[in-house]
Amino acid sequence: MASLSPSLRAAVELTRPGNAVAAGVLTATGAFVTGGVAAAPLAVAAAVLATLAATAGGNAINDYFDREIDAVNQPDRPIPRGAISARGALGVSGACFVIATVAALTLPLVAIGIAVVNLLALVAYTEWFKGRPLLGNILVGYLTGSAFLFGGAALGAPFGAAVLFLLAAVATLTREIVKDVEDIAGDRQEGLRTFPIVVGRTPALWTGVAVLVVAVTASAVPYLDGTFGLSYLLVVVPADAVMLWAALRSFRDPTVSQRWLKRGMFLATAAFVVGRAAVVLG
Ligand SMILES: CC(C)=CCC/C(C)=C/CC/C(C)=C/CC/C(C)=C/COC[C@H](O)COP(=O)(O)O
Ligand SMILES: CC(C)=CCC/C(C)=C/CC/C(C)=C/CC/C(C)=C/COP(=O)(O)OP(=O)(O)O
Ligand SMILES: [Mg+2]
């Protein structure tokens, strides 16, 4: 990004490109696990683009609405540090949502339906859901997991990656609770009633650990029901271990915890790709 102008660099940074690309990978994984990538490569490409653009737009509009909170919690983000104006951020978000909409309109009706719901949720999240205890966290979990469903929907099979959807939604819920613990100071200053502020830091973190234990336990299902073989287990078990360690670390250091939760989730995504590839390659 060094070759870009400062304002363009700030616009790209605003979209959190790492998350946007990762979300696109989730959609591609959802299509791959559902099984039809080769049959409909253009549909999968359009779905990946729609997810990538929607996530980018969601990140940009989140920073637009969060600009006052981020001035306390995350002052180095593009808007609070003055690298891009609030109006400019809104423009970046709008452009991303237009791209996502155009790409989604080329897909089957069920995929268009998911995209419409998700785009509305991404715009509504910060203003109407974020400050409601647990509701905002659950919505981010749904949005993250839905990227997997969207990949299957692009092939006309929206529940082809239903297990991945559930695991990703729950694991993301845990991470969102930990991130809210990280942000307690700024959120409290802004009068937000996040889950940790309402129930207390420790009960919130134990809730996160408890839901993650359910997800980690459920991650054995694709192996036990014969969907995937030993190759899946050899990757998902370390991923589960990293996520469990990270969740327990949240009591001492939520920042380290949420970063390692994300790494564990990336490794878990790889487990599904490896598991499916082993089946396809026979
Ligand atoms: C138990 C088990 C096997 C769980 C599987 C979990 C799984 C496959 C998770 C996928 C999650 C993933 C790789 C998400 C991609 C990145 C993304 C879209 C995250 C959503 O981020 C929302 C967050 O609030 C943004 O904050 P930050 O990451 O700090 O920018
Ligand atoms: C499948 C389609 C069409 C869309 C899915 C889009 C996806 C995968 C969204 C994932 C969740 C996401 C990126 C939401 C954007 C809003 C966001 C950054 C929520 C978290 O924000 P805060 O709670 O303010 O926390 P931080 O800003 O501190 O990260
Ligand atoms: Mg935010």
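Predicted model, so just to flag it, every value in this text is computed and none were measured.

Procedures and definitions
Residues numbered from 1 in each chain as written. Chains lettered and ligands numbered in written order. Predicted model: local features only at pLDDT ≥ 70, side-chain atom pairs only at ≥ 80, totals over all residues. Heavy atoms only, no water. Helix = DSSP H or I, 4+ residues; strand = E, 2+ residues; numbered from the N terminus. Buried < 20%, exposed > 50% of the residue type's maximum accessible area, 1.4 Å probe, protein only. Contact = heavy atoms within 4.5 Å. Near = heavy atom within 4 Å. Polar contact = N/O pair within 3.5 Å; in protein donor to acceptor, adjacent residues only side chain to side chain. Areas by Shrake-Rupley, 256 points an atom, 1.4 Å probe, with all protein chains shown as cover. Nonpolar A, V, L, I, M, F, W, Y, C, P; charged D, E, K, R; others polar. UniProt positions renumbered as here; feature names shortened; annotations may be inferred. Donors = N, O, S within 2.8 Å, 3.2 Å for Na, K, Ca; no water. Domains from an automatic or database assignment. Buried area = accessible area lost by both parts, 1.4 Å probe. Salt bridge = Lys/Arg side-chain N within 4 Å of Asp/Glu carboxyl O. 1 Å grid on protein atoms, 1.4 Å probe; cavity = no way out; pocket = protein on both sides within 12 Å on 5 of 7 lines; lining within 4 Å. Points joined across faces, edges and corners; volume = space filled by probe spheres on them.

Observations concerning the environment of aspartate 240
Phase 1 of the analysis: Mapped onto the secondary structure, aspartate 240 falls in helix α13 (residues 230–249).
Phase 2 of the analysis: The buried category is assigned to aspartate 240, whose relative accessible area is 9%.
Phase 3 of the analysis: With 102 residues separating them along the chain, aspartate 240 and isoleucine 138 place their C-alpha atoms 20 Å apart.
Phase 4 of the analysis: Those residues in contact with aspartate 240, other than ones at most four positions away along the chain, are Val216 and Ser219.

Here we look at the site of ligand 2
Phase 1 of the analysis: What surrounds ligand 2 is a group of 20 residues, the closest being Arg16, Asp66, Tyr125, Lys130 and Lys179.
Phase 2 of the analysis: At 2.7 Å, a side-chain N or O of aspartate 66 approaches an oxygen atom of ligand 2.
Phase 3 of the analysis: Between ligand 2 and lysine 130, the relevant distance is 2.7 Å, taken from an oxygen atom to a side-chain nitrogen or oxygen of the residue.
Phase 4 of the analysis: When ligand 2 is considered free in solution it has 730 Å² of accessible area, and contact with the protein chains removes 94% of it.
Phase 5 of the analysis: When contributions to the shell around ligand 2 are tallied by element, the ones reaching two or more residues are α3 (41–65), α6 (109–129) and α7 (135–153).
Phase 6 of the analysis: Considering each element in turn, the shell around ligand 2 owes the most residues, six residues, to α3.
Phase 7 of the analysis: Residues of the shell around ligand 2, tallied by class, amount to seven nonpolar, seven polar and six charged.

Here's the deal with the UniProt feature "transmembrane region" (unreviewed entry) in the protein chain
Phase 1 of the analysis: Here, the residues flagged by UniProt with the feature "transmembrane region" (unreviewed entry) are residues 21–54, 97–122, 159–178, 203–224, 230–248 and 260–281.
Phase 2 of the analysis: Taken end to end, residues 97–122 is 85% helix and 0% strand, and its first and last C-alpha atoms sit 10 Å apart.
Phase 3 of the analysis: Along residues 203–224 one finds 91% helix and 0% strand; the C-alpha atoms at either end are 32 Å apart.

Here we look at the coordination of the magnesium ion (ligand 3)
Phase 1 of the analysis: All of the protein donors around the magnesium ion (ligand 3) are Asn62 (OD1) and Asp66 (OD); their distances to the metal are 2.1 to 2.2 Å. Note on accessibility: asparagine 62 and aspartate 66 belong to one class, buried.

Let's talk about the domain arrangement of the protein chain
Phase 1 of the analysis: One can read the domain layout of the protein chain as domain 1 (7–160) and domain 2 (161–282).
Phase 2 of the analysis: Domain 1 and domain 2 are separated by 19 Å when their C-alpha centres are compared.
Phase 3 of the analysis: At the junction of the two partners, domain 1 supplies 31 residues and domain 2 supplies 31 residues.
Phase 4 of the analysis: Together, the buried faces of domain 1 and domain 2 total about 2600 Å²; carbon and sulfur atoms form 70% of this surface.
Phase 5 of the analysis: For the pair domain 1 and domain 2, the number of links is zero salt bridges.
Phase 6 of the analysis: Taken together, the connections running from domain 1 to domain 2 amount to seven residue pairs in polar contact (both at pLDDT 80 or more).
Phase 7 of the analysis: Looking at which element gives the most residues to the side of domain 1 that touches domain 2, the answer is α7, with 10 residues.
Phase 8 of the analysis: Residues of the side of domain 1 that touches domain 2, tallied by class, amount to 14 nonpolar, 14 polar and three charged.

Topic: the pattern of salt bridges
Phase 1 of the analysis: A complete count under the given rule lists six salt bridges for this structure.
Phase 2 of the analysis: Put simply, aspartate 63 and arginine 16 hold a salt bridge, and the shortest N to O gap is 2.9 Å. With a gap of 47 residues between them, aspartate 63 in helix α3 and arginine 16 in the loop between α1 (6–14) and α2 (17–34) connect regions that are remote in the sequence.
Phase 3 of the analysis: In this structure, glutamate 176 and lysine 179 form a salt bridge, with 3.9 Å as the shortest nitrogen-oxygen distance. Of this pair, glutamate 176 and lysine 179 are both found in helix α8 (residues 162–182), three residues apart, which corresponds to roughly one turn of the helix.
Phase 4 of the analysis: What makes glutamate 176 buried here is its relative accessible area of 8%.
Phase 5 of the analysis: Via salt bridges that share partners, Arg16, Asp63, Asp70 and Arg77 belong to a single interconnected network.

A few points about the layout of surface pockets
Phase 1 of the analysis: By volume, the second largest pocket amounts to about 160 Å³.
Phase 2 of the analysis: Forming the walls of the second largest pocket are 13 residues, and the residues nearest its centre are Val33, Gly160, Val163, Thr227 and Phe228.
Phase 3 of the analysis: Elements supplying a minimum of two residues to the lining of the second largest pocket: α8 and α14 (254–281).
Phase 4 of the analysis: When its residues are assigned to classes, the lining of the second largest pocket shows nine nonpolar, two polar and two charged.

Some points on empty space enclosed by the protein
Phase 1 of the analysis: Per the stated rule, a full pass over the model turns up one cavity of 30 Å³ or more.
Phase 2 of the analysis: Computed from the structure, the largest cavity encloses a volume of approximately 40 Å³.
Phase 3 of the analysis: Tyr125, Lys130, Arg132, Leu134, Gly136, Asn137, Asp180, Thr194 and Phe195 together form the lining of the largest cavity.
Phase 4 of the analysis: A class-by-class count of the residues in the lining of the largest cavity yields three nonpolar, three polar and three charged.
Phase 5 of the analysis: For the lining of the largest cavity, the two domains that each supply at least three residues are domain 1 (7–160) and domain 2 (161–282).

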